[in-house]
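# Results of the structural survey
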Amino acid sequence: PEIKKILIYILIAAAAFFMLYPAISLIEILLTNIGVKQPDPPILNTTTDFIVSIFSMAVLPAIFEELVFRGIVFSGLKQKGKTFAILISALMFSIFHLSIHQTIYPFVMGILFACIMFKENNILYTIITHFVCNLLSLVHSFFNLWIVSTHWLYIIVAILLFVAFLTFVLVYAIKNNNKTKEKLNKNDKIYLFFGL
């Protein structure tokens, strides 16, 4: 795998995490207010707890969940269509987490991981992306940043990250589209124009 791609997917994972986390926090507050008890966060009192948690809650789940949901489920469903495979594997990934509080986040991240798997056809990229998201969640818990994630400044930063991310995706798509057009001959360009 290319180092440049790995760095891009690490940035995508970080952006997705920080964009979604305020929404997750607000949903948890709403559910708690209507009486739905949320699961207790992991207790990370010491650096040793944090290091052990990195292995047990970030490394292992990233490897095994990706092998199952992108390696087996997504790959098995791909023959029924890309969109179907992405949505069903993401839905199964979400249900697997068995928590009403953790429904939207795993579903959205499942879509992201499946899209990466479809684009790269290499599970290593999804494992890395998944690991980064899990690690950021642990860092969030360890440094007790849950309250910060509901603060208006955090939400504004998340919105700015989202806009920056969309801009990056748009620029990347346009750049790749132009490269594709340059490689095509005259007749192919006409087909591409009408095929879009």
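Every value quoted in this text rests on a predicted model; they were computed, and no experiment measured them. (Residues numbered from 1 in each chain as written. Predicted model: local features only at pLDDT ≥ 70, side-chain atom pairs only at ≥ 80, totals over all residues. Heavy atoms only, no water.)

A few words on the packing of aromatic side chains. For the structure on display, the rule yields five aromatic pairs. With centroids separated by 5.5 Å and ring planes inclined at 55°, the aromatic side chains of Tyr9 and Tyr125 adopt a geometry described as tilted. Here Tyr125 lies in helix α5 (residues 123-142) and Tyr9 lies in helix α1 (residues 3-33), a separation of 116 residues in the sequence. Neither Tyr9 nor Tyr125 differs from the other in exposure class; each is buried. When the ring of Phe69 is compared with that of Phe93, the centres are 5.4 Å apart and the planes differ by 70°; the resulting orientation is edge-to-face. With Phe69 in helix α2 (residues 47-77) and Phe93 in helix α3 (residues 82-96), the pair connects residues that are 24 residues apart, well separated along the chain. By the burial criterion, Phe69 is buried, and Phe93 matches it. Taken together, the aromatic side chains of Phe69, Phe93, Phe96 and Phe113 make up a single cluster linked through ring pairs. (Phe/Tyr/Trp six-rings, centres within 6.5 Å; stacked < 30°, edge-to-face > 60°. Helix = DSSP H or I, 4+ residues; strand = E, 2+ residues; numbered from the N terminus. Buried < 20%, exposed > 50% of the residue type's maximum accessible area, 1.4 Å probe, protein only.)

Take Thr103: it is sitting in the loop between α3 and α4 (104-120). Of the residues examined, Thr103 reaches a relative accessible area of 36% and is grouped as partly exposed. A sequence separation of twelve residues divides Thr103 from Leu91, and the C-alpha atoms of the two residues are 8.8 Å apart.

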